[in-house]
Amino acid sequence: MQPAEGLKLNKNELSFELGPIRPPSEARSLLLRVTRNCPWNQCLFCRTYKKRKFSLRSVDEIKQDIQTARDIADEILAISLKAGSGGRVDDRVISHIFGESGYSENFRSIAMWMYYGTGACFLQDADNLVMKSDYLVDVLKFLRERFPQITRVTTYSRSRTIVRKKVESLTEIRKSGLNRVHIGLETGYDPLLKYMKKGVTAAQHIEAGQKVKMAGMEVSEYVMPGLGGQEMWAEHAVETAKVLNQINPDFIRLRSLRVLPIVALYEKMAEGSFTRQSDDMVVEEIKLFINTLDGISSIITSDHISNLLEEITGRLPDDKGKMLNVISKYQALPEQERIIYRVGRRGGAYRSTDDLTFDPSTYGKIRNLIKDISLKQGPDGVERFITEMGDSYI
Ligand code: SF4
């Protein structure tokens, strides 16, 4: 299949700016960059925007990107019509766009977005509510006008930025098209927030979450199991749950700590002021955290590869027992089985402790691998191997 004459000539020129990350839940969303990098950029555990300078983008610049995305979408529709797919982005259209060289990354990602038909859009980067409210309203209105098929627009923002906005401004932003704010809560324990240089207090986290809800938007709070280390894990679990109990966010998303050598926390670990928890300790911490959540109806998800137990997911309060059961099941495994599961999970082979019994061949291979590493390097070698595998996915 060939696209209409002329379309193919221009498609390489159609591109717009993209940021480095999006939440896992936005994997099938249209991505648009509204600001660049993080205006704070000091959290000890974070590497995402290290050495990248924050900058605002002008409204005109953002609108130009939205228009380019629209032009690409129109070209894709033209390809579909020419292919006889009637304007639908189906397998035929996708295999053409991915089968031919010359289509830009933007072009392909918009094609996939249209193929999935999620109607979702995620605004990058780390803290878009830092924009002047009027500017953001202008951008959102333009986006909704150019893409009437969009049904959900979400963004990241920091609690400290949100508390500076009036509920009226946030309401205006919601009316202009923003539906959900993802907030990196990480912890609700003040000494830990301070230690990690998060630049926010537990009280500000509560105020920010409540304000977003009052404005009629959904709140998605990211919690970081493991962040307290062996020094503060229990306070981290309990105080974080207490903060969430006062917000009742729509979503609580777990994203376990990984300490890569490039983050400042790695140095703290080397100095000895922070001690990383083992996987089993983090599981115990999550148990305490879930047990302390009370009186809220949030959905908990573990939709990130950093989490050992992906099945800790469900809506409170009904699924609390089910989620705690996932933990009990793991904790009831003999130590050797837990190690096999951890290697399988960190290596991408397992998603559930049930997988240990479903696939004897994988199980046997992992067991032999552990035996081999253990013989050569001892138990510490196995732990190192698991840590390195886990880090390699981040
Ligand atoms: S506010 Fe978020 S993006 Fe910025 S440094 Fe902290 S964790 Fe990273």
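The rules behind the values
- Throughout this description, residue numbers start from 1 for each chain and increase along the sequence as written.
- This being a predicted model, a pLDDT of at least 70 is required before a residue's local features are given, and a value of 80 or more before pairs of side-chain atoms are given or counted; all residues contribute to the totals for chains, interfaces and linings.
- Calculated side-chain values reflect all of the structure's heavy atoms, with hydrogen atoms and water omitted.
- UniProt positions are given in the numbering used here, feature names are shortened, and annotations may be inferred rather than shown by experiment.
- Under the DSSP-based scheme used, a helix requires at least four consecutive residues in state H or I and a strand at least two consecutive residues in state E, with every element numbered from the N terminus.
- The pairing criterion is simple: DSSP has to find at least two bridges between the two strands.
- Any two residues whose heavy atoms approach within 4.5 Å are treated as being in contact.
- Between N-to-C directions, angles span 0 to 180 degrees; the directions come from axes that are lines fitted to C-alpha atoms, helices contributing only their stretch in contact.
- By convention, a stacked pair of Phe, Tyr or Trp rings (six-membered ring in the case of Trp) has centres within 6.5 Å and planes under 30 degrees apart, an edge-to-face pair has planes over 60 apart, and any other such pair is tilted.
- Accessible area is worked out with a 1.4 Å probe on protein chains only. A residue is then buried under 20% of its type maximum, exposed over 50%, and partly exposed in between.
- Over a ring means this: the NZ of a Lys or the CZ of an Arg is within 6 Å of the ring centre and within 35 degrees of the ring normal.
- By definition in this entry, angles of less than 35 degrees are roughly parallel, angles greater than 145 are roughly antiparallel, angles of 65 to 115 are roughly perpendicular, and the rest are oblique.
- Take the far helix as your reference; a near helix turned counterclockwise from it by less than a right angle gives a left-handed crossing, and one turned clockwise gives a right-handed crossing.
- Each residue gets one label: Ala, Val, Leu, Ile, Met, Phe, Trp, Tyr, Cys and Pro are nonpolar, Asp, Glu, Lys and Arg are charged, and the others, such as Gly, are polar.
- Note on terminology: near, applied to a residue and a molecule or strand, indicates that one of the residue's heavy atoms is within 4 Å of it.
- Using protein atoms alone on a 1 Å grid, points that fit a 1.4 Å probe yet trap it form a cavity, whereas open point sets bounded by protein on both sides within 12 Å along at least five of seven lines form a pocket; residues with an atom within 4 Å of a point count as lining.
- Pocket or cavity membership: a molecule qualifies when more than half of its atoms sit within 2 Å of the grid points of that site.

An unreviewed UniProt entry lists the protein under the name Radical SAM domain protein, from uncultured Desulfobacterium sp. Of the comments in the UniProt record for the protein, the one headed Cofactor (unreviewed entry) reads "[4Fe-4S] cluster".

**Q** Please provide a residue-by-residue account of the UniProt feature "domain: Radical SAM core" (unreviewed entry) in the protein, values included.
**A** Mapped onto the present numbering, the UniProt feature "domain: Radical SAM core" (unreviewed entry) falls on residues 24–297. The straight-line gap between the two end C-alpha atoms of residues 24–297 is 22 Å; of that span, 49% is helix and 13% is strand.

**Q** Describe the sheet that holds strand 4 (residues 120–124), and please don't skip the residues or the numbers.
**A** Taken together, 8 strands build an open sheet; the order of strands is 1-4-5-6-7-8-9-10 and the sheet is mixed. Strand pairing shows two members of the sheet lacking a second neighbour, strand 1 (30–33) and strand 10 (314–315), which therefore form its edges. Sitting on the sheet, helix 10 (residues 229–247) touches strand 6 (180–186), strand 7 (218–223) and strand 8 (251–254), and the angle it makes with strand 6 is about 155 degrees.

**Q** How would you summarise the packing of aromatic side chains if you had to cite specific residues and measurements?
**A** In total, this model carries 7 aromatic pairs according to the counting rule given. Where Phe122 meets Tyr156, the ring centres are 5.3 Å apart and the plane angle is 90 degrees; that geometry is what we call edge-to-face. Linking Phe122 in strand 4 with Tyr156 in strand 5 (residues 152–157), this pair joins segments that are 34 residues apart in sequence. The exposure class of Tyr156 is buried, given its relative accessible area of 12%. Aromatic pair Tyr341 and Tyr350: ring centres 6.1 Å apart, planes at 10 degrees, arrangement stacked. Joined through ring pairs, the aromatic side chains of Phe122, Tyr156 and Tyr222 make up one cluster. The aromatic ring of Tyr116 is capped on one face by Arg28, whose charged end is 3.8 Å from the ring centroid.

**Q** Now, about the packing of helix 2 (residues 59–83) against helix 5 (residues 133–146): what can you tell me, with residues and values included?
**A** Across the interface, helix 2 lies against helix 5 with an axial gap of 10 Å and an inter-helix angle of 15 degrees. Between helix 2 and helix 5, the interaxial angle falls into the category roughly parallel. Crossing angle aside, the handedness with which helix 2 passes helix 5 is right-handed. On helix 5, the residues touching Val59, Ile62, Lys63, Ile66, Gln67 and Arg70 of helix 2 are Tyr135, Asp138, Val139, Phe142, Leu143 and Arg146. Here the contact of helix 2 with helix 5 is built from residues that sort into 7 nonpolar, 1 polar and 4 charged.

**Q** An account of the site of the ligand is needed here, citing residue identities and associated values.
**A** Around the ligand, the neighbouring residues are Cys38, Asn41, Gln42, Cys43, Phe45, Cys46, Tyr49, Ala126, Arg158 and Lys198. Among the detected pockets, the ligand sits in the largest pocket. Counted by class, the shell around the ligand contains 6 nonpolar, 2 polar and 2 charged residues.

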